[in-house]
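# Understanding the architecture of this molecule
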Amino acid sequence: MAKQNQDEGQAPKLTINDIARMADVSKKTVSRVINRSPLLNRETRDKVEAIIRETGYVPNPQARALALGRNFLIGLVYDNPNAQMILSMQRGILEALHGTEFELVIRPVDRGSNLVMDDIRGFVTRQRLFGVVLLPPMSENDALARMLDEQGCRYVRMGSAVLDDPEHMVASNDKEAVADAVRYLIAQGHRRIGLIAGPHGFRSAQERREGFEQALTEAGISLPRSLIADGQYTFESGLSASESLFDLTPRPTAIFASNDEMAAGVLYAARMRGIAVPEELSIIGFDDTPLTTRVWPPLSTVRWPIVAMGRAAALKLIGTAIGEGSEVNEPSMFSSTLIRRASVAPPAIS
């Protein structure tokens, strides 16, 4: 009986039909207002929105998803060994989704698989995704972008260079940022500078290597092939690659590692060899992950604005769903900048 009385005292929950009756419009018109359809005049939209505000009506998310033909889900698709980069991207996306109806769904894939396109197509179809953020190197696949477009799924591609039109892209200036970092080493007096490159097939690895070579060419410094070691964006690969550079005679006085994980591997290998940093070896990484300030000495690095890029990518996707025009002001290009810490000093012998 108490339960019955409690239920009787509660106001009935408003429905979309109630809003339509109050506004003297059709249920379809209210649905269009809720789903930000452009097929309405300003007067009708303003009238319906005013009633929604006054009544405190909250649309049913399942009903909205049915009307849109999509769930309120954003997919994050990646095949990348850099765990910290993935976490930072998630953080940026979740910041953008906070306070909205949207949720994030993570999907790692194997870019080397012959079934990767079918895998992603199935993921998009099963989850009825509202949109997808593509991380490199998957974002560098033009065929994948076309497939998503054909599926009617919104997408934004993250890259280290321009990959698409501004609506579908967030990109950084990796080449220029790395060139600036190497110029800094040269200004300190370094001439024998090693490179630990990123994985083959990654546009970021290509852009960063080109920036490295550009700065050396500008300074008239030759780059023997022996000063380039291949890495995989992991601590272990940085450790292995630095060992090969340390075996050279003379060894490099500075090393640029194409991400922070590999730079930490260089620092560890130097410590094991008794090579003092920065007195005998200068190191610069790329990303500016928390790791760079948790080692000694703290690592100089290029700050990659991953969190900001993730936030902008998500807002580009959901902007039309959370408010008219809210996606317009989201940038497409982001600047990476050199962060100077204690791992760089002039070489002992110039």
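Above this text sits the structure in question.
A brief report on the enclosed structure follows. (Residues numbered from 1 in each chain as written. Predicted model: local features only at pLDDT ≥ 70, side-chain atom pairs only at ≥ 80, totals over all residues. Heavy atoms only, no water.)

Tallying each qualifying case throughout the model produces 20 salt bridges. For Glu95, the salt bridge is made with Arg311, and the minimal N-O distance between the two is 2.3 Å. Remark: Arg311 occurs in helix H13 (residues 306-322) and Glu95 occurs in helix H6 (residues 83-97); sequence separation between them is 216 residues. Note on Glu95: relative accessible area 35%, which makes it partly exposed. Between Glu213 and Arg209 there is a salt bridge, with the nearest N and O atoms lying 3.0 Å from each other. Residue Glu213 and its partner Arg209 are located together in helix H10 (residues 203-218), separated by 4 residues, close to a single helical turn. The exposure class of Glu213 is partly exposed, given its relative accessible area of 27%. A cluster of three or more residues bridged by salt bridges with shared partners is formed by Arg91, Glu95 and Arg311. (Salt bridge = Lys/Arg side-chain N within 4 Å of Asp/Glu carboxyl O. Helix = DSSP H or I, 4+ residues; strand = E, 2+ residues; numbered from the N terminus. Buried < 20%, exposed > 50% of the residue type's maximum accessible area, 1.4 Å probe, protein only.)

Pairing within the open sheet is parallel, and its 6 strands lie in the order S2-S1-S3-S4-S5-S11. Unpaired on one side and paired on the other, strand S2 (103-108) and strand S11 (333-334) mark the two borders of the sheet. When strand S1 (residues 73-78) meets strand S3 (residues 131-134), the two strands line up parallel, connected through 4 bridges. By the bridge assignment, Val77 is partnered in S3 with Leu134. Where H6 meets the sheet, it contacts S1, S2, S3 and strand S4 (154-159), and its direction lies at approximately 155° from that of S2. (Pairing = 2+ DSSP bridges. Contact = heavy atoms within 4.5 Å. Axes fitted to C-alpha atoms, helices over the stretch in contact; angles between N-to-C directions.)

A few words on the sheet that holds strand S6 (residues 193-197). A sheet is described by the order of its strands in space; here 6 strands give the open sequence S7-S6-S8-S9-S10-S12, paired in mixed fashion. Each end of this open sheet is capped by a strand with a single partner; those strands are strand S7 (228-230) and strand S12 (337-339). When the angles between neighbouring strand axes are averaged without regard to direction, this sheet yields 20°. Of the strands in this sheet, S6, strand S8 (254-257), strand S9 (282-287), strand S10 (300-303) and S12 are in contact with helix H9 (residues 174-187), which crosses S9 at around 165°. The sheet strands contacting H10 are S6, S7, S8 and S9, and the helix crosses S6 at an angle near 165°.

Another aspect to go through is the packing of aromatic side chains. Note on aromatic pairs: each is described by the distance of the centres and the angle between the planes. Within the structure shown, the criterion is met by 6 aromatic pairs. Centre to centre, the rings of Phe202 and Tyr233 are 5.7 Å apart; their planes meet at 85°, and the pair counts as edge-to-face. Residue Phe202 is located in the loop between S6 and H10, and its partner Tyr233 is located in the loop between S7 and helix H11 (235-246); the two are separated by 31 residues in the primary sequence. Take Phe202: its relative accessible area is 5%, and that puts it in the buried class. (Phe/Tyr/Trp six-rings, centres within 6.5 Å; stacked < 30°, edge-to-face > 60°.)

These figures come from the coordinates and say nothing about function on their own.
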